[in-house]
Amino acid sequence: MSYVDEIIEAVVAKNPSEPEFHQAVKEVLESLRPVVDANEEKFRREALLERLVEPERQLKFRVPWVDDKGQAHVNTGYRVQFNSAIGPYKGGLRLHPSVNLGIIKFLGFEQIFKNSLTGLPIGGGKGGSDFDPKGKSDREIMAFCQSFMTELYRHIGENTDVPAGDIGTGAREIGYLYGQYKRLTGRYEGVLTGKGLSYGGSLARTEATGYGLLYLTKEMLKMNGIDIAGKTAAVSGSGNVAIYAIEKAQQLGVKVLTCSDSNGWVYDPEGIDVAALKEIKEVKRARLTEYKNYRPNSEYHEGRGVWSVKVDLGLPCATQNELLLEDAKQLVENGCIAVAEGANMPTTLEATEYLQQHGILFAPGKAANAGGVATSALEMSQNSERLSWTFEEVDAKLQGIMVNICHNMADAAERYGYAKNYVVGANIAGFEKVVNAMLAQGIC
Ligand code: NDP
């Protein structure tokens, strides 16, 4: 049996009930086959893949908090510190009822390669909790965040592990977490990113993942002789990534026809109204059913459906496994030319393969959504310097990083004979740097 197959089998056997983690490991290791096969003896001797798939440390802890009625609750907190070969652990905190150890491990594993692809010195980690922020008061959110940080603070630090936002963790939650960290440690340091501008945050961090997704998509199309201007797009989600992906898409001349949340989706034939979306989601924290009040010509549908609309570009920006094989078939039938993942692992393995087999340009999340973590690393640099850069400076760096990622993934794919397979390219390009660092640092 090949080394890659052995490791995939061992991961499944050793980590039962973690299907998302298995999926992420399979996707990455399958595409690393050419590199692993070429170095099999050396990698085996150094147990390189065994070390790569085993987190350096994983923490699971109790998070007790009290609601507005005086009732106590207990949630589970997680932080997986996956790989620090190229820098301090870096990755977001997800607050969603679906969170479990397997999901955090899949996200942490992906983060290793994504962070490496940015070209910046950051290792891979991820964390979160099964706490559901929906419908909670500000005081309840604060109570949860303070309790979560009361355990987490002892494991993180500006040179150790620097968490950030993710699903359910936005500026409000980062603020409460930061306040509690400062209170517990007495240290004012860049221990979290995605901070507010008045206390060490970076301009353009809020926009970075969505904007970066479009910078990469534009470059990928350009490399293939296609101009992004004048195209149509379907976006899923209506959170941080989706909102700023829609905003930048429109600035680049793309008409975005859809967005969604976990209850339903909107079709707006005139193009999504970003100002309305921001008001509904960022100010009122309301549901998408409200969108029709702003745009009477739009349609609201319950359930799934964004991928049924005829578009040139598919931009999944909600959550994992939201673009299924049947959706991929629909996109291909409707003449879609490219799919770029704003969310982490939104496309299932079968759907990804189908899209690639049918000539769709496919940019995997670890490359396409790396703009968020890249700008978080720029926030860390600004905190270390005790300086703030302008929006234009950060945005220009972000554009440069996304264009580089795009060329690096394309070059790596080509070098190994997989031209235009950007899944293989992104995994190999991300892996090469991490592996060199791991080999140089010895068995640890
Ligand atoms: P938000 O919480 O701001 O938004 C998430 C969106 O996805 C919401 O519209 C939400 O709908 C929807 N959603 C969440 N879970 C589900 C589900 N199970 N089924 C259907 N829809 C769902 O999160 P972000 O925008 O920050 O993150 C979106 C994705 O992008 C995630 O995969 C995240 O890991 C990834 N990502 C985020 C980065 C960032 O900088 N924020 C960086 C890189 C990747 P509802 O409101 O109904 O829950």
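Values in this document were obtained by computation on a predicted structure and should not be read as measured data. (Residues numbered from 1 in each chain as written. Predicted model: local features only at pLDDT ≥ 70, side-chain atom pairs only at ≥ 80, totals over all residues. Heavy atoms only, no water.)

Chemist: Sorry, what's going on with the pattern of salt bridges here?
Modeler: Oppositely charged side chains can form a pair if their charged atoms are brought close together. This model, assessed by the stated rule, comprises 26 salt bridges. As a salt-bridge pair, Lys366 and Glu110 come within 3.4 Å of each other at their nearest N and O atoms. You can see Lys366 sitting in helix α14 (residues 365–368) and its partner Glu110 sitting in helix α5 (residues 101–117), a full 256 residues away along the chain. Here the two residues Lys366 and Glu110 agree in accessibility, since each one is buried. Lys284 serves as the salt-bridge partner of Glu290, at 3.4 Å between the closest nitrogen and oxygen. On the basis of relative accessibility, which here comes to 43%, the residue Lys284 falls in the partly exposed class. Here the residues in one salt-bridge network are Asp5, Glu30 and Arg33, joined through shared partners. (Salt bridge = Lys/Arg side-chain N within 4 Å of Asp/Glu carboxyl O. Helix = DSSP H or I, 4+ residues; strand = E, 2+ residues; numbered from the N terminus. Buried < 20%, exposed > 50% of the residue type's maximum accessible area, 1.4 Å probe, protein only.)

Chemist: Looking at this structure, I do not really get the site of the ligand. What am I missing?
Modeler: Neighbouring the ligand are 25 residues; Asp166, Thr209, Ser262, Arg287 and Asn344 lie closest to it. Within the backbone of Ser238, a nitrogen or oxygen atom sits 2.9 Å from an oxygen atom of the ligand. Ser262 is positioned such that a nitrogen or oxygen atom in its side chain is 2.4 Å from an oxygen atom of the ligand. Compared with its free state, where it exposes 890 Å², the ligand has 82% of that area covered by protein. At the level of secondary structure, the elements contributing two or more residues to the shell around the ligand comprise α8 (205–223) and α9 (240–251). Here the residues of the shell around the ligand are counted per class, giving five nonpolar, 13 polar and seven charged. Two domains share the shell around the ligand, each providing at least three of its residues, namely domain 1 (3–188) and domain 2 (208–363). (Near = heavy atom within 4 Å. Polar contact = N/O pair within 3.5 Å; in protein donor to acceptor, adjacent residues only side chain to side chain. Areas by Shrake-Rupley, 256 points an atom, 1.4 Å probe, with all protein chains shown as cover. Nonpolar A, V, L, I, M, F, W, Y, C, P; charged D, E, K, R; others polar. Domains from an automatic or database assignment.)

Chemist: Could you clarify how one ought to interpret helix α15 (residues 371–385) in this entry?
Modeler: An α-helical segment advances 3.6 residues per turn. Residues three or four places apart therefore align on the same side. With 15 residues, α15 extends 21 Å from end C-alpha to end C-alpha; this agrees with the ideal 21 Å at 1.5 Å per step. Judged by how many residues are buried, α15 sits mostly within the fold: 12 of 15 residues are covered. Every buried residue of α15 is accounted for by Gly371, Gly372, Val373, Ala374, Thr375, Ser376, Ala377, Leu378, Glu379, Met380, Gln382 and Asn383. Residues of α15 that are buried in the fold lie against β3 (89–95), α5, β5 (161–164), α8 and α16 (391–415). Immediately beyond the C-terminal end of α15, within one or two residues, lies Arg386, with a positive phi of roughly 55°. (Expected span 1.5 Å × (residues − 1). Contact = heavy atoms within 4.5 Å.)

Chemist: Please clarify how the packing of aromatic side chains should be interpreted in this entry.
Modeler: Aromatic rings in a pair are described by how distant their centres are and how their planes are angled relative to each other. This model, assessed by the stated rule, comprises 13 aromatic pairs. When the ring centre of Phe131 is taken as origin, the NZ or CZ atom of Lys136, which lies over that ring, is 5.2 Å away. (Phe/Tyr/Trp six-rings, centres within 6.5 Å; stacked < 30°, edge-to-face > 60°. Lys NZ or Arg CZ within 6 Å of the ring centre and 35° of its normal.)

Chemist: Got a minute to help me understand the side chain of Lys231 in this structure?
Modeler: Relative to the assigned elements, Lys231 resides in the loop between α8 and β6 (232–236). It turns out Lys231 is buried and unbridged, and the closest side chain with the opposite charge, Asp312, is 5.6 Å from it. Sequence-distant contacts of Lys231, defined by excluding residues within four places in its chain, comprise Ile226, Gly253, Val254, Lys255, Asp312, Leu313 and Ile337. (Lys, Arg positive; Asp, Glu negative; His and termini not counted.)

Chemist: Just to check I follow, could you spell out the domain arrangement of the chain for this structure?
Modeler: How large an interface is tends to be reported as the accessible area lost when its parts come together. For the chain, the domain assignment lists domain 1 (3–188) and domain 2 (208–363). One C-alpha centre belongs to domain 1, the other to domain 2; they are set 26 Å apart. Taking both sides of the interface into account, the surface hidden between domain 1 and domain 2 amounts to around 1,000 Å²; carbon and sulfur atoms contribute 50%. Where domain 1 meets domain 2, there are zero salt bridges. Applying the counting criterion to the domain 1 and domain 2 interface returns three residue pairs in polar contact (both at pLDDT 80 or more). Secondary structure elements with two or more residues in the side of domain 1 that touches domain 2: α2 (19–38) and α5. Residue classes in the side of domain 1 that touches domain 2 are distributed as five nonpolar, one polar and eight charged. (Buried area = accessible area lost by both parts, 1.4 Å probe.)

Chemist: Quick question: what am I supposed to make of the sheet that holds strand β1 (residues 57–66) here?
Modeler: The strands making up a sheet are joined through hydrogen bonds of the backbone, oriented either antiparallel or parallel. Spatially, β1-β2-β4-β3-β5 is the arrangement adopted by the five strands of the open sheet, whose pairing is mixed. With one partner strand each, in any of the chains shown, β1 and β5 form the two edges of the open sheet. Looking at each pair of strands side by side, their axes are set apart by 20° on average, direction ignored. Note: strand β2 (residues 72–83) against strand β4 (residues 123–129), six bridges, orientation antiparallel. Note on β4: the bridge partner recorded for Val80 is Lys126. (Pairing = 2+ DSSP bridges. Axes fitted to C-alpha atoms, helices over the stretch in contact; angles between N-to-C directions.)

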